[in-house]
Amino acid sequence: MSNRPNFSRREALSLLGLTAATLGARPAFAAPAKAEENSPLIYRFRVGDFSAVAVSDGFLRIPEPHSFYAPQESTEEFQALLKDWYISPDRVFLPFNVLLIDTGKERVLIDAGSGNSSDRDDPALGRAQPAFQSAGYGAEDISVVFLSHGHPDHLGGLVTTDNKPTYPSAQHFVLKTEFDFWTSPDPDLSAGLASTELKKYVLGFAQKRFPVLKDRFVKIDDGTEFTPGFKAMLAPGHTPGHSIVDIQSGSERLLHIVDLAHHQVVPLQKPAWKPTADTNPETAAQSRQKVFAQLAQDRTRVFGYHLPFPGIGHIRVSDPGYEWVPEPWTPA
């Protein structure tokens, strides 16, 4: 019996924000938010002397959470885990959180959401750029862009519907390992548990967009400080060059763990389980174990791309694995 999930094409692509979907039309952004206010899509906070804005690119309902998060584990064990944490299998959602940091000198965007391309037509996603505009940041204001990896929900927002860079004034950075993987003649996706059709789509999505940005990307190595206070750190497995970002200002630190966790319970309690989204599930599991253990030990503040909005909190040890402790919402 195969361990690969039995998604329809529409369901599988929706998990990466690629099809029409489930949560209704995107809300209008008729009036800008006041600079001092939070909203359900915009959350302001600080990292030392840096001003930070988290926005929601949207949410998707996971139609078959067991197949997405743990296809090699038993249905009974997966559902028991959700039950222990008061989560219904029919109410599992995937958030998409995009982070912008204003250092006073640079405005640094870490990933760009799904965008609004013709081959990513899901109205539940693509909210990040209008949300940033409502928060007071237009595309022309962004001076630095860092791409953590080449999946559609992170890369899509970097290219406009007419196939041009969304942030023309920004210097773009990406790990060389990641850039080389997606731009190679034959990227190897064979180790992942996703369907052949989904792999083909994700690859085509990346191969259409990387050439648009080729001359804008500065390709950097693991551990590079790509702008003062921001260090790229390789955490491979989700993709070969998947990277997390260590942000420091004065005595305060925030670690953006990007796609090390696609849920607030499953990958933390069971970091060895292998979701379909990982290019190399074994390597991704090792990255989760290593980073989660260090974060728990150091009590480091965390931002997560796929953790409940606004995605800020801490990770602590909780048998048999780890636990997400969200930071309480505070006034801006």
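Everything numeric in this text was worked out from a predicted model, so none of it was measured. (Residues numbered from 1 in each chain as written. Predicted model: local features only at pLDDT ≥ 70, side-chain atom pairs only at ≥ 80, totals over all residues. Heavy atoms only, no water.)

## Things to note about the nonpolar core
Here's step 1: With 54 residues, the main nonpolar core has Leu 109, Phe 132 and Tyr 167 as its most contacted residues.
Here's step 2: Only β2 (50-61), α2 (65-69), α3 (75-84), β3 (93-102), α4 (128-134), β5 (144-147), α6 (176-183) and α7 (196-213) provide two or more residues apiece to this core.
Here's step 3: Here this core gets six residues from one element, more than from any other, and that element is α7.
Here's step 4: Membership of the second largest hydrophobic core comes to 24 residues, among which are Tyr 43, Val 47, Phe 50 and Phe 309. (Core = buried A, V, L, I, M, F, W, Y, C linked by side-chain atoms within 4.5 Å. Buried < 20%, exposed > 50% of the residue type's maximum accessible area, 1.4 Å probe, protein only. Helix = DSSP H or I, 4+ residues; strand = E, 2+ residues; numbered from the N terminus.)

## Digging into the sheet that holds strand β14 (residues 321-326)
Here's step 1: The strand order across the open sheet formed by seven strands is β8-β9-β10-β11-β12-β13-β14, and the pairing between neighbours is mixed. Both outer strands of the open sheet, β8 (225-227) and β14, are each paired with one neighbouring strand and no more. On average, adjacent strands in this sheet sit at an angle of 35 degrees to one another, irrespective of strand direction.
Here's step 2: Taken strand by strand, helix α9 (residues 281-298) contacts β10 (243-249), β11 (252-256), β12 (301-303), β13 (312-318) and β14, and its axis lies near 100 degrees from that of β13. (Pairing = 2+ DSSP bridges. Axes fitted to C-alpha atoms, helices over the stretch in contact; angles between N-to-C directions. Contact = heavy atoms within 4.5 Å.)

## Notes on the sheet that holds strand β6 (residues 171-175)
Here's step 1: Taken together, the seven strands give an open sheet; going across it, the order is β1-β2-β3-β4-β5-β6-β7, and neighbouring strands pair in mixed fashion. Looking at which strands have only one partner, the edges of the open sheet turn out to be β1 (42-47) and β7 (217-220). On average, adjacent strands in this sheet sit at an angle of 25 degrees to one another, irrespective of strand direction.
Here's step 2: Summarising the sheet, β2 and β3 pair through ten bridges and their orientation is antiparallel. Its bridge partner being in β3, Ser 56 is matched across the sheet by Asn 97.
Here's step 3: Packing against the sheet, α6 makes contact with β6 and β7, and its axis sits at approximately 85 degrees to β6.

## What to know about empty space enclosed by the protein
Here's step 1: Throughout the structure, instances matching the rule amount to four cavities of 30 Å³ or more.
Here's step 2: Estimates place the volume of the second largest cavity at around 70 Å³.
Here's step 3: A class-by-class count of the residues in the lining of the second largest cavity yields six nonpolar, one polar and three charged. (1 Å grid on protein atoms, 1.4 Å probe; cavity = no way out; pocket = protein on both sides within 12 Å on 5 of 7 lines; lining within 4 Å. Points joined across faces, edges and corners; volume = space filled by probe spheres on them. Nonpolar A, V, L, I, M, F, W, Y, C, P; charged D, E, K, R; others polar.)

## As for the layout of surface pockets
Here's step 1: Roughly 260 Å³ of internal volume is contained in the largest pocket.
Here's step 2: Around the largest pocket, the lining comprises 15 residues; the ones closest to its centre are Met 233, Leu 234, Ile 244, Lys 290 and Val 291.
Here's step 3: The element contributing the most residues to the lining of the largest pocket is α9, with six residues.

## Some thoughts on α7
Here's step 1: Across its 18 residues, α7 extends 26 Å between first and last C-alpha, which sits within 8% of the 26 Å expected from 1.5 Å per residue.
Here's step 2: Those residues of α7 not exposed but buried are Leu 198, Lys 199, Tyr 201, Val 202, Leu 203, Phe 205, Ala 206, Arg 209, Phe 210 and Leu 213. (Expected span 1.5 Å × (residues − 1).)

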